[in-house]
Amino acid sequence: MSDRRTEIVRAATRVIARRGVRGLRVGELASEAGVSTALIYYHFTDRAGILRETLAFIGERADRYTAEPDPENAARGHRAQQSPRSELEQALLLELQDSAEVRENSTAWGELRASAVFESSLRDDLARATHTWVHEIAELLGRAHPAGTAPAHAASAERLTALLEGLSVRWLSGSLPLDHARTLLGEAVDAEMAGCRPVGKRP
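Reading guide: rules and limits
- Residues numbered from 1 in each chain as written.
- Predicted model: local features only at pLDDT ≥ 70, side-chain atom pairs only at ≥ 80, totals over all residues.
- Heavy atoms only, no water.
- Helix = DSSP H or I, 4+ residues; strand = E, 2+ residues; numbered from the N terminus.
- Contact = heavy atoms within 4.5 Å.
- Salt bridge = Lys/Arg side-chain N within 4 Å of Asp/Glu carboxyl O.
- Buried < 20%, exposed > 50% of the residue type's maximum accessible area, 1.4 Å probe, protein only.
- Core = buried A, V, L, I, M, F, W, Y, C linked by side-chain atoms within 4.5 Å.

Caption draft 1: How the structure looks around the side chain of Thr130. Residue placement: Thr130 occurs in helix α8 (residues 123–144). Ignoring anything within four residues of it in the chain, the contact list for Thr130 reads Trp109 and Arg113.

See the structure below:
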């Protein structure tokens, strides 16, 4: 993606995080990005194209910051662990960190998901992005718990990512402290790791 396209999509993420998908107007986006409306239409054709590229940008940015060392551990002087279990926890817990970038990304993702209830044009792209995310978490689960089955890992990944989205909304809306959200998510990872078994089977 060119620098100009990237800046427009970055600006769209800011506007969506601030005003929601329904508040995204091409004129305001042009002002936010410091470009003309004609240039936006040249790069993205229409509003659906802007939203599609913004969704991809949000996913790529999340991939980047969830691959970085957890700042809470770094602040405590902990050395980064490279075990599959640690990679799994990091990929999830770093979606819950109090930084401007993560807040903006998580808010924009939540707005896009909520808007897909009413805007069917968003659903296919959102479903693909969600499927990719679930698949990535399932792969991490498979490495952390190799004795489990692929369907069990996929089911666990669905539960963990859905929980993470819910915790993120509660944190961002002020109804759940960040530390508690991270604790709950960590406990959910423990529960999934302990109970990872073929779908439909219970002890």
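Caption draft 2: Representation of the pattern of salt bridges within the structure. Per the counting criterion, the structure on display carries 19 salt bridges. Note that Glu119 and Arg47 form a salt bridge whose closest N and O atoms lie 3.3 Å from each other. Linking Glu119 in the loop between α7 (100–115) and α8 with Arg47 in helix α4 (residues 47–65), this pair joins segments that are 72 residues apart in sequence. Of the residues examined, Arg47 reaches a relative accessible area of 27% and is grouped as partly exposed. Note that Arg143 is salt-bridged to Glu87, the shortest N-O span being 3.4 Å. Linking Arg143 in helix α8 with Glu87 in helix α6 (residues 84–93), this pair joins segments that are 56 residues apart in sequence. Residue classification places Glu87 among the partly exposed residues on the basis of a relative accessible area of 29%.

Caption draft 3: Just the nonpolar core, in detail. Leu29, Ile40, Ile50, Leu88, Leu92, Leu112 and Ile137 are the most contacted members of the largest nonpolar core, which has 50 residues in total. For this core, the element with the highest residue contribution is α8, accounting for 8 residues. Those residues in contact with Leu92, other than ones at most four positions away along the chain, are Ile137, Leu160, Leu164, Leu185 and Val189.

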